[in-house]
Amino acid sequence: MLNVSTGSMIPVRRVFLSLLVLAGPTMAQGKNAPPPREEEIAPPPAVTVPYDDKLARLAEVLGSVHYLRTLCKAAGGDEWRNGMQQLLDSETGNEPQRKERLTAAFNRGYRAFASVYTDCTAAAIVAEERYRNEGATLATEITSRFGN
């Protein structure tokens, strides 16, 4: 045990010294702890590309069109989901975070219209047509600006 006279110390030093004495054994225990494993240090950085925002919007549009075409029993309703799967396969590869973001965007588009339209109405048909046009515009912009 330490034998330190604290009578002449100022109060702050007394508090600091008592904390140091109490924390000493705790700090010594930490010296023998194994170093953290590499995967605990930091997750791999998320991959982003310059057109990710437009791609996420395209995924959202695909989800919306898929819901509306299925709702209105239009021909080729599943082709929009298949198109989204092709987009994921070609764009995300071994990038699970990008795949999650694009899948979430597709689901967001699907759910947005599922919460509004429960029956195929004239407004649903107009919305589907507008979203198809927006999707075509986005696809054209992405491919013309960022490659094939």
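Conventions we followed
- Residues numbered from 1 in each chain as written.
- Predicted model: local features only at pLDDT ≥ 70, side-chain atom pairs only at ≥ 80, totals over all residues.
- Heavy atoms only, no water.
- Helix = DSSP H or I, 4+ residues; strand = E, 2+ residues; numbered from the N terminus.
- Contact = heavy atoms within 4.5 Å.
- Areas by Shrake-Rupley, 256 points an atom, 1.4 Å probe, with all protein chains shown as cover.
- Buried < 20%, exposed > 50% of the residue type's maximum accessible area, 1.4 Å probe, protein only.
- Polar contact = N/O pair within 3.5 Å; in protein donor to acceptor, adjacent residues only side chain to side chain.
- Expected span 1.5 Å × (residues − 1).
- Axes fitted to C-alpha atoms, helices over the stretch in contact; angles between N-to-C directions.
- Parallel < 35°, antiparallel > 145°, perpendicular 65-115°, else oblique.
- Left-handed = near helix turned anticlockwise from the far one by under 90°.
- Nonpolar A, V, L, I, M, F, W, Y, C, P; charged D, E, K, R; others polar.

**Student:** Could you clarify how one ought to interpret the overall build of the chain in this entry?
**Tutor:** Looking only at helices and strands, the chain has six helices and zero strands in total. Ordering the α and β elements of the chain from the N terminus gives α-α-α-α-α-α. Taking contacts inside the chain between residues at least 6 apart in sequence as the whole, the part at least 24 apart equals 72%. Surface exposure of the chain reaches about 10,700 Å², of which carbon and sulfur atoms provide 57%.

**Student:** What is the right way to look at the environment of glutamate 60 in this model?
**Tutor:** Topologically, glutamate 60 is positioned in helix 3 (residues 52–71). Expressed as a C-alpha distance, the spacing of glutamate 60 and tyrosine 131, which sit 71 residues apart in the sequence, is 9.6 Å.

**Student:** What exactly am I supposed to notice about the side chain of glutamate 128 here?
**Tutor:** Locating glutamate 128 in the fold gives a position in helix 6 (residues 122–146). Among the residues examined, glutamate 128 registers a relative accessible area of 8% and is labelled buried. For glutamate 128, the side chain forms a polar contact with the side chain of arginine 69, separated by 2.9 Å. Every residue in contact with glutamate 128, bar those within four places of it in the chain, is listed here: Val65, Leu68 and Arg69.

**Student:** Whenever I open this one, helix 6 confuses me. Can you help?
**Tutor:** Since the α-helix turns once every 3.6 residues, residues separated by three or four places project in the same direction. Taking 1.5 Å as the rise per residue, helix 6 with 25 residues should run 36 Å; its terminal C-alpha atoms sit 36 Å apart, in good agreement. Within the sequence span of helix 6, burial applies to Ala124, Ala127, Glu128, Gly135, Leu138 and Ile142. Residues of helix 6 that are buried sit in contact with helix 3 and helix 5 (96–114).

**Student:** Would you mind going over the packing of helix 3 against helix 5 with me for this structure?
**Tutor:** Between two packed helices, both the angle of their axes relative to each other and the distance between the axes serve to describe the pair. Their axes nearest at 7 Å, the elements helix 3 and helix 5 cross at an angle of 40°. In this view, helix 3 runs oblique relative to helix 5, as classed from their interaxial angle. Pair helix 3 / helix 5 crosses with right-handed handedness. Facing Asp52, Leu55, Ala56, Ala59, Glu60, Leu62, Gly63, Ser64, His66, Tyr67 and Leu68 of helix 3, the residues of helix 5 in contact are Arg98, Arg101, Leu102, Ala105, Phe106, Arg108, Gly109, Tyr110, Phe113 and Ala114.

**Student:** Is there a simple way to explain the environment of glutamate 128 in this structure?
**Tutor:** Separated by 64 residues in sequence, glutamate 128 and serine 64 have C-alpha atoms that sit 7.5 Å apart. There is a polar contact of 2.6 Å between the side chain of glutamate 128 and the side chain of arginine 132.

**Student:** Any chance you could explain the packing of helix 3 against helix 6 here in plain terms?
**Tutor:** The interhelical angle for the contact between helix 3 and helix 6, taken along N-to-C directions, is 150°, at an axis separation of 9 Å. The angle between the axes of helix 3 and helix 6 places the two elements in the roughly antiparallel class. Seen from above, helix 3 lies across helix 6 with left-handed handedness. On helix 6, the residues that touch Lys54, Leu55, Arg57, Leu58, Val61, Ser64, Val65, Leu68 and Arg69 of helix 3 are Ala124, Ala127, Glu128, Tyr131, Arg132, Glu134, Gly135, Leu138, Glu141 and Ile142. In the contact of helix 3 with helix 6, the residues fall into 10 nonpolar, two polar and seven charged.

Don't take any of this as a statement about function, it's just geometry.
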